[in-house]
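Structural overview
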Number of protein chains: 2
Amino acid sequence: MADSQDVQAPRPLRRDAERNRQRILRAAREVFTTRGLQASLDDVARHAGVGVGTVYRRFPDKESLAQALFEERIEAMATLAEQALAEPDSWGGLMSFLDGACAHLAADRGLHQILMYASYGKDLTARARARMQPLVTALVQRAQRDGKLRPDLHPTDMLFIELMISAAARYAEPVRPEIWRRYLALITDALRPGRDVTTPLPEPPLEPQEMAEVMRSIPHRSDPGGPP
Amino acid sequence: MADSQDVQAPRPLRRDAERNRQRILRAAREVFTTRGLQASLDDVARHAGVGVGTVYRRFPDKESLAQALFEERIEAMATLAEQALAEPDSWGGLMSFLDGACAHLAADRGLHQILMYASYGKDLTARARARMQPLVTALVQRAQRDGKLRPDLHPTDMLFIELMISAAARYAEPVRPEIWRRYLALITDALRPGRDVTTPLPEPPLEPQEMAEVMRSIPHRSDPGGPP
DNA sequence: GGTAACCGGAGAAGATATCTCCATATGGAC
DNA sequence: GTCCATATGGAGATATCTTCTCCGGTTACC
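Notes on the structure follow. (Residues numbered from 1 in each chain as written. Chains lettered and ligands numbered in written order. Predicted model: local features only at pLDDT ≥ 70, side-chain atom pairs only at ≥ 80, totals over all residues. Heavy atoms only, no water.)

**Considering the overall build of chain A**
Note the cut-off: Helix numbering and strand numbering both begin at the N terminus, where a helix is a DSSP run of H or I of at least 4 residues and a strand a DSSP run of E of at least 2. Between two residues, a contact is recorded if the distance between any of their heavy atoms is within 4.5 Å. For the accessible areas, the method is Shrake-Rupley and the probe is 1.4 Å, while residue cover comes only from the protein chains on display.
Broken down by element type, chain A carries 10 helices and zero strands. Overall, chain A shows an N-to-C arrangement of helices and strands of α-α-α-α-α-α-α-α-α-α. In chain A, the share of contacts with a sequence separation of at least 24, taken over all contacts with a separation of at least 6, comes to 74%. In the form shown here, chain A has an accessible surface area of approximately 10,600 Å², with 52% of it arising from carbon and sulfur atoms.

In structure tokens, the structure reads:
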């Protein structure tokens, strides 16, 4: 209890070390963005122009690196939701959020993996949920109160829409990277209430607790169990 | 040019060999269904109760096995489309097809991989396209002529819908294997024409040739390039 | 009963990814 | 300028997997 503020004060890292740390993070962002989380730390090292040893000294394993990136990504998503919530038009806000989230996910091959990376230690997906859930719920409920959004939709449905759209984006990415907008527009059309034909939705939405399980679907290592 | 009909008449396979061949195919169906194409041939062999050698003697590599399964899967899909086309109601037919195709894809983890497996030698996806494209086009155009389907949709859109839904199914499979029906119903709602609000779709649909590229997106081996 | 065809499965060969080690280099306190 | 705690690079030890081969022993069929 001498000087530190919390638990963080081991030593300020030598200047070259800190510079390399930043390089590594930048490289990881790029590599994971284009190739996904299954890229090896060797790849990241090469991309950063440092040795593997340097990477492993700073980040014991891929999970640590993912965790470091996790924070900023979640924050970007949360900011998106907050800005959407600040828009006066509830429908427009919801659309902005969906569009922005899908754009992020479409452009970043590793993002959904980072967001859904099941981490043994601290459950990152729990943090993601804690941060995002209230915002998305607010967006959804506000639009529903205004009668702009089908009342039978649930906040968890928004996440599924994002997952579906980003899957489409990943499939089409080499051919037509923007085609996902077509399908988002299509789905979006189905979200409005009071159309002449509205099919009652079969299957109740996923409860948050179920969604939590889905969010943990990407296993560590390159265990070929996770879906996309 | 002595006795054969085409190119097929090397020797009728000894009885035990044929029995094992069938066992292997059955095992491959099961293993690929539950774990996807990245299961190893050793897994298939173990599941079939035969030695790896036996598998490799019959199927030089995983591609050969996939190819053998490919035929029956494509045929099942084509049958689905033909039955849908035989239904008098064009909208109902299209829905039957979408529902059936999504159900197949949701229940079979390896199916979309088999259908989209880029094969060096004979281009299987080309065969799939040749078989399916006319049927799906007929289904779509018939519904559009009847005014039951938005006119701005294209046959390739149906495939994308199937891909998106099956991605959702794979994500949710351990938690709620049937939730995909919820999202199919949602999308389906957006397919009808003449609703009070119809957003014009941005991005033109994929041309068949572009779709062909998308279909070849799953690389050989376990090359971590393919999307889901 | 003879033999061609077949079987099983150990293990060779090849890929990859993870992570360690240590000789060498460098920042920065004094 | 000196010194040494702190860093660095990258070869290579480990570990894990899959694919595919090989061959002694077995089996179907005439």
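And the narrative resumes.
**Notes on the protein's contact with DNA strand C**
Note the cut-off: It suffices for a single heavy atom of a residue to lie within 4 Å of a molecule or strand for the residue to be listed as near it. Any N or O atom pair separated by 3.5 Å or less is treated as a polar contact, with the protein-specific requirement of one donor-capable and one acceptor-capable atom, and with residues adjacent in sequence counted only for side-chain atom pairs.
Looking at DNA strand C, there are 25 residues lining it, with Arg-15 of chain A together with Arg-14, Asn-20, Gly-53 and Thr-54 of chain B nearest. Of all atoms in DNA strand C that approach within 4 Å of the protein, 63% are sugar or phosphate atoms. Side-chain polar atom of Lys-62 of chain A to a phosphate oxygen of DNA strand C: 3.3 Å apart, as the coordinates give it. Between a phosphate oxygen of DNA strand C and a side-chain N or O atom of Asn-20 of chain B, the distance comes to 2.7 Å. Secondary structure elements with two or more residues in the surface near DNA strand C: α1 (15-35) and α2 (41-48) of chain A together with α1 (15-35) and α3 (52-58) of chain B.

**Looking at the environment of Arg-176 of chain A**
The residue Arg-176 of chain A is located in the loop between α8 (155-172) and α9 (180-191) in this model. Excluding its chain neighbours within four sequence positions, the residues that come into contact with Arg-176 of chain A are Glu-203, Pro-204, Pro-205, Leu-206 and Glu-210 of chain B.

**Considerations on the interface of chain A and chain B**
As a reminder of what qualifies: Summed over both partners, the accessible area lost on bringing two parts together, with a 1.4 Å probe, is the buried area. Definition used for salt bridges: Asp or Glu carboxyl oxygen within 4 Å of a side-chain nitrogen of Lys or Arg. Under the scheme applied, nonpolar residues are Ala, Val, Leu, Ile, Met, Phe, Trp, Tyr, Cys and Pro; charged residues are Asp, Glu, Lys and Arg; polar residues are all the others, including Gly.
Each partner contributes to the interface: chain A provides 56 residues, whereas chain B provides 55 residues. Around 5,000 Å² of area is buried between chain A and chain B when both sides are counted, 63% of it from carbon and sulfur atoms. It is Tyr-171, Arg-182 and Leu-186 of chain A in chain A that bury the most area against chain B; as a group they hold 18% of the surface buried on that side. Summed over the shared surface of chain A and chain B, the result is eight salt bridges. For Arg-182 of chain A, the salt bridge is made with Asp-157 of chain B, and the minimal N-O distance between the two is 2.6 Å. The interface formed by chain A and chain B holds 19 residue pairs in polar contact (both at pLDDT 80 or more) in total. Broken down by secondary-structure element, the contributors of at least two residues to the side of chain A that touches chain B are α8, α9 and α10 (208-215) of chain A. If you tally residues by element for the side of chain A that touches chain B, the top one is α8 of chain A, at 12 residues. Each residue belonging to the side of chain A that touches chain B can be placed in one class, and the counts come to 29 nonpolar, 10 polar and 17 charged.

**Here we look at the packing of α1 of chain A against helix α4 (residues 62-86) of chain A**
Residues and elements named next belong to chain A. The test is simple: Convention adopted: a line fitted to C-alpha atoms gives each axis, helices being fitted over their contacting stretch, and angles between N-to-C directions are expressed from 0 to 180 degrees. Orientation categories follow fixed angle ranges, with anything under 35 degrees roughly parallel, anything over 145 roughly antiparallel, 65 to 115 roughly perpendicular, and all other angles oblique.
Close contact between α1 and α4 brings their axes to 11 Å; oriented N to C, the two are set at 85°. Taken together, the axis directions place α1 and α4 in an arrangement best described as roughly perpendicular. Only Lys-62, Leu-65, Ala-68, Leu-69, Glu-72 and Arg-73 of α4 make contact with α1, whose side of the interface consists of Leu-25, Ala-28, Arg-29, Phe-32 and Thr-33. Split by residue class, the contact of α1 with α4 holds six nonpolar, one polar and four charged.

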